[in-house]
Amino acid sequence: MGTYREQGIVLRSYKLGETDRILHLLTQGRGKVRAVAKGVRRPGSRFGGRLESYSHVDLQLYEGRNLDVVNQADLLAPHAAVRSDFARSACAATMAEVTDVVAQEGERDNALFLLLQSGLAALDAEPREPEVFVDAFLLRLASTVGFHAWTDACAVCRRPGPHLFLSVKAGGTLCGACAPPGTRAVDPGTVRALALLAAPGEWVALPAMADADADARATAASYVRAFVEHHLDRRLRSYDHVPRA
Ligand SMILES: [Zn+2]
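Residues numbered from 1 in each chain as written. Predicted model: local features only at pLDDT ≥ 70, side-chain atom pairs only at ≥ 80, totals over all residues.

Caption draft 1: Geometry of the packing of helix α3 (residues 110-125) against helix α4 (residues 130-144). Packing of α3 against α4 leaves a shortest axis separation of 10 Å and a crossing angle of 175°. Between α3 and α4, the crossing angle belongs to the class labelled roughly antiparallel. Residues Ala111, Leu112, Leu115, Gly119, Ala122 and Leu123 of α3 pack against Pro130, Phe133, Phe137, Arg140, Leu141 and Thr144 of α4. Taken together, the residues of the contact of α3 with α4 sort by class into nine nonpolar, two polar and one charged. (Axes fitted to C-alpha atoms, helices over the stretch in contact; angles between N-to-C directions. Helix = DSSP H or I, 4+ residues; strand = E, 2+ residues; numbered from the N terminus. Parallel < 35°, antiparallel > 145°, perpendicular 65-115°, else oblique. Contact = placed C-beta atoms within 7 Å. Nonpolar A, V, L, I, M, F, W, Y, C, P; charged D, E, K, R; others polar.)

So this is what it looks like as structure tokens:
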């Protein structure tokens, strides 16, 4: 037991006793960490507003028996704009909820950390169409935990696409030969929207895509939700609060 330093992102927090908070953090080096921030709800707390949800912080922690204890916290990125309006905070809540579900304690997952960091930064920087960032985040998160959505090839036979049949269970687009009889084709715009949502590191082009083709965008959004809920075997409760244009 001892102290250690970590970068972390606050996923959620809840009250403990009179003045403390328990935090769920996604850290860069240790996966999910549950820690207590003592006195954080007292006026004049030395942590100030540095441990708000979705903040990216540099932390010094002390290893406790059950929960680690936050000794020091310095803001790297407050992501204050994310908390400033209802739509964006609902979007960030969904990102954090799903991350909290898939992150493992004591297991470093740098891809997940970078995905959450970049997703929150994208939400923070761009107020338009925030829900498009959630859909991109969810599809990419599913891929990092082993459920990749194929958009440029057939999910079954890997024949290069684009293909216009979509399957949640099979994991993406299907060619005509692999699609079960009766599968309805979607329009090419939907497949293009999904490909952009799934493209690692692509955030800047997403709002324009959402603006350009609302129907394709809506079909892609329904698909993303069904895909993620099926493969993570979990209903996304906070996703219900994400506003839809
Ligand atoms: Zn095929």
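From this point on, the discussion continues.
Caption draft 2: Region of interest: helix α5 (residues 188-198). With eight of its eleven residues buried, α5 lies for the most part within the structure. Among the residues of α5, Thr190, Val191, Ala193, Leu194, Ala195, Leu196, Leu197 and Ala198 are the ones counted as buried. In the core, the buried residues of α5 are packed alongside α4, β7 (172-174), α6 (206-212) and α7 (214-231). (Buried ≥ 20, exposed ≤ 12 C-beta atoms within 10 Å, placed from the backbone.)

Caption draft 3: Examining the packing of helix α2 (residues 86-102) against α4 more closely. Following both chains from N to C, one finds α2 and α4 inclined at 10°, their axes separated by 8 Å at the closest point. Overall, the two elements α2 and α4 adopt an arrangement that is roughly parallel. Judged by residue contacts, Ala87, Arg88, Cys91, Thr94, Met95, Val98 and Val102 of α2 engage Pro130, Glu131, Phe133, Val134, Phe137, Leu138 and Leu141 from α4. For the contact of α2 with α4, the class distribution of residues is eleven nonpolar, one polar and two charged.

Everything listed is a geometric property; what it means functionally is a separate question.
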